[in-house]
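Structural overview for review
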Amino acid sequence: MFKRKTKTLLIWIASFFIVSSALSLWIMDYKIDQVWGEHTQIVNPETFRKPQQTFAIVNVSVLSADGDSMQPNHTVLIEDGLIADVSSEPNLPTGITTIDGTGKYLIPGLIDSHIHLWQSPNDLLLYIANGVTHIREMNGSDEHLMWKAEIEVGRPGPEMFVTSRRHNSSSGIAGLFERWTAKINPVDDTDDIESHVQQVMEKGYDAVKIYTLLKKRHFQAFNKAALKLDVQLLGHIPMEMTLDEIWQSELKELAHTEELVKALAREFGEFNSETSEEFLQFVHKRSADIVTHLLKNDVAVVSTLSLMESIAPQKLDVADALRAVELEYVNPGIAEALHPSVPIMGWLPDVNIYRLPYNYPQEKIPGNQTYWKAYAQANRILLKAMANKGVKVLAGTDANVPVMVPGFSLHEELVSLTQAGFSEAQALRSATSTPAAWMKVKSGKVLAGYQADLVLLHANPLKDINHTRTVDTVISNGRQYNRTDLDSMLSSVKSAN
C-alpha cells in the first residue's frame, strides 16, 4: 500500500512538473512573440486593396531619368501596373481617368534598404502611406516570405526583398535559445553550411545575412558556399575579420556604414571620449582607401545614418527622443518589450536598448555624449567620401530599431544624408534608382516600361529633401492610393496600436 501511494505521488509530482513546465514555455513563447509584435491587433489589409487600373497623371513635373532635374508639363500613362508612356506631348486614349498634377512633382516610389518587420504586418501599410513602395527585410522569416507573395498578387504593401535570418556562431542550448528568442540562426558545424545555404535559397530568400559574432571559419564556409551557389552575401563585418579579408570575399553589401566605423575602431585600437578627435582624424585618413576598395570590389553600403545620430539623444533623454518621432505608429509590443533586464528591442524609457543605466554617474554623461556624437560623425565622414566618389549608397533605416518608425524613418534618413553632404539628388537616388538597380528590379525611375511605383508630391524634393514628406498620392505596382486612402491607413494602424 505504501509503495503504491508513493508511486502515485511521484506520478502526480512528475505530471505537475511536466504541465507547469509546458505552461511556462507556452507563456514565455507567447511573450516573446508579443515582443516582436505578434499580438497587436491586425488591420485588415483587404480594406485597402485596389485593382491595377489604366490612368494618367497630367501636367506634372517628372523626375528625370538621371535624377538630377524635374521635367515640367509631362504626362505619365499607367497601364497594367507599368509606366506605358512619359511624354510632354501625350496622345491619351479617349475617356481615360486622369490625375491633375499641376503644381506637383512625380518621383519614383521610395525604397528603404534596411528594415525589420519582425511580426508586425501593420507596418506594411505604414510604408505605403509614406510613399515607400519597396522594402528590404534584413532578418527574414517564412512569414515574411508569405507576406511578400501576398503583396505580389495585390495585398497592399511595398514589394519585398527578404534576406535569411542573421547568422552567428553559436551551439547547443545557447544556439537554440538565440534562435528562439533573438531570431538568429546559430552556426556550429562548417560541414553543414553549404546545404543550409542551399535550403535557405530554395525557400525563396533573396540573400544570406552574415552577423557580427560569426567566427572566421564559419564566414569562410559561407563565402565558399556563396561563390559555388551564386548566392548574395550581405550583412555585418564579423569581429574576427579585417577589412582586407572582407575585400577579398563575396560579402558585397554592408548592412550599415557603421560596419566600417567598427572595423576602423578595431584598427585604431578602440577609442573613447578623450581620443574621439584623434579617431575622427584617423577615419578621414582611411576614408579614401576604403572608398577605393568599395568601388574596386563593387560593394554597396546601406546608410542607416539617422539611427547612428539618434543614439546620443536616446542616451541623454529617452523620453525626449521619443517625443521627436511618431511613436503612436510603432507596434506596442515592440515598443514595450518585456522587462528592463531583457534587452530585446524596447523603445520606452524603462526598456530602451540604448538608454544609460539609471545609476550611470552624472559626471560621465558629457563624455558618453562626446563618444556617441563622434561615432555618428565617423559615419558622416565615410558617407560623404562615398558620395563624392560614386560608391553605391543605399538609403536604409533599420526600421523598428528605436527610434526608427517604419515608413517615417526613411524621410529622416534622407535629411540626415543631405546634412552629411549629399546633394538632394544624391540622397533621392539612394532611395530610388540606386537600390532598384542593385536589386535588379525595373523600378526606381519614371520611365516607360518600368514598374508603376510612383509618388506624387506637393513640393520639389530637389529643392529641399524634406519635401519627400509632402505625399499626395502613392502608386504601387499600378495601384493608386490617394491622400484619403493614405490617411485612412495611418488612422487604422494608430487605432490598432
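Further up the page is the structure itself.
Position numbers for residues start from 1 in each chain and track the written sequence from start to end. Side-chain atom pairs in this predicted model are given and counted only at pLDDT of 80 or more, local residue features only at pLDDT of at least 70, and totals for whole chains, interfaces and linings cover all residues. Just so you know, side-chain values use all the structure's heavy atoms and leave hydrogens and water out.

1. Comments concerning the pairing of strand S12 (residues 251-254)
In this description, strands pair whenever DSSP reports at least two bridges between them. Elements are defined by DSSP. Helices are runs of H or I of four residues or more, strands are runs of E of two residues or more, and each kind is numbered from the N terminus. Alignment of strand S11 (residues 233-235) against S12, held across 3 bridges, turns out to be parallel. Looking at the pairing, Leu234 lines up with Glu253 of S12. By the bridge criterion, 2 bridges tie S12 to strand S13 (residues 300-302) in an arrangement that is parallel. Its bridge partner lying in S13, Leu254 is registered against Val301.

2. A look at the pattern of salt bridges
If the charged atoms of two oppositely charged side chains come close together, the side chains can form a pair. When a carboxyl oxygen of Asp or Glu lies within 4 Å of a side-chain nitrogen of Lys or Arg, that pair is called a salt bridge. Scanning all chains against the criterion turns up 17 salt bridges. We note a salt bridge from Arg49 to Glu46, for which the minimum N-O separation is 2.7 Å. Note on exposure labels: buried denotes an accessible area under 20% of the residue type's maximum, exposed denotes more than 50%, and partly exposed covers the range between, all computed with a 1.4 Å probe on protein chains only. Residue class for Arg49 comes out partly exposed when judged on its relative accessible area of 35%. Between Asp298 and Lys392 there is a salt bridge, with the nearest N and O atoms lying 2.7 Å from each other. Remark: Lys392 occurs in the loop between helix H13 (365-389) and strand S14 (393-394) and Asp298 occurs in the loop between helix H9 (276-296) and S13; sequence separation between them is 94 residues.

3. Notes on the packing of H9 against H13
Every axis corresponds to a line fitted to the C-alpha atoms, with the helix fit spanning only the stretch in contact, and the corresponding angles, defined between N-to-C directions, vary from 0 to 180 degrees. One way to put it is that H9 packs onto H13 with a least axis distance of 9 Å and a crossing angle of 30°. Viewed along their axes, H9 and H13 adopt a mutual orientation that is roughly parallel. In this structure, the crossing between H9 and H13 has a hand that is right-handed. Along its contact with H9, which presents Ser276, Phe279, Leu280, Val283, His284, Ser287, Ile290, Val291, Leu294 and Leu295, the element H13 presents Thr370, Ala374, Gln377, Ala378, Ile381, Leu382, Ala385, Met386 and Lys389. Partitioned by chemical class, the residues of the contact of H9 with H13 number 13 nonpolar, 5 polar and 1 charged. Each angle receives one of four descriptions, namely roughly parallel if under 35 degrees, roughly antiparallel if over 145, roughly perpendicular if within 65 to 115, and oblique otherwise. The sense of a crossing depends on the near helix, which, turned anticlockwise from the far helix by less than a right angle, makes the crossing left-handed and, turned clockwise, makes it right-handed. In this analysis, two residues are considered to be in contact whenever any of their non-hydrogen atoms come within 4.5 Å of each other. Residues are grouped as follows: nonpolar covers Ala, Val, Leu, Ile, Met, Phe, Trp, Tyr, Cys and Pro; charged covers Asp, Glu, Lys and Arg; every other residue, Gly included, is treated as polar.

4. What to know about a negative patch on the surface
Like charges within 9 Å and nonpolar side chains (Val, Leu, Ile, Met, Phe, Trp, Tyr) within 5 Å are joined into patches, using only residues over 30% in relative accessible area that form no salt bridge. For the accessible areas, the method is Shrake-Rupley and the probe is 1.4 Å, while residue cover comes only from the protein chains on display. Only four residue types enter the tally: Lys and Arg on the positive side, Asp and Glu on the negative side, with His and both chain ends excluded. Think of each charge as sitting on NZ of Lys, CZ of Arg, CG of Asp or CD of Glu. Taken together, the side chains of Asp188, Asp189, Asp191 and Asp192 make up a negatively charged region of the molecular surface. Along the chain, the position of Asp191 falls in the loop between strand S9 (184-187) and helix H5 (193-203). On the basis of relative accessible area, Asp191 is assigned to the exposed category, the value being 67%.

5. Considerations on the packing of aromatic side chains
To pair, rings of Phe, Tyr and Trp, with the six-membered ring standing in for Trp, must have centres within 6.5 Å; the planes then decide the type, stacked if under 30 degrees apart, edge-to-face if over 60, and tilted in the middle. Here the structure, examined in full by the defined rule, presents 9 aromatic pairs. Pairing Tyr371 with Trp372 gives two aromatic rings, centres 5.0 Å apart and planes at 85°, and the pair type is edge-to-face. Note on Tyr371 and Tyr375: the rings are 6.2 Å apart at their centroids and 25° apart in plane angle, and the pair reads as stacked. Taken together, the residues span about one helical turn, with Tyr371 and Tyr375 both in helix H13 at a distance of 4 residues. The class for Tyr375 is buried, based on a relative accessible area of 5%. Taken together, the aromatic side chains of Phe268, Phe271, Phe279, Phe282, Tyr371, Trp372 and Tyr375 make up a single cluster linked through ring pairs. Counted as over-ring charges are cases with an Arg CZ or a Lys NZ within 6 Å of the ring centre that also lie within 35 degrees of the ring normal. Its guanidinium or amino end placed over the ring of Phe161, Arg136 lies 4.3 Å from that ring's centre, counting from NZ or CZ. When the ring centre of Tyr211 is taken as origin, the NZ or CZ atom of Arg166, which lies over that ring, is 4.9 Å away.

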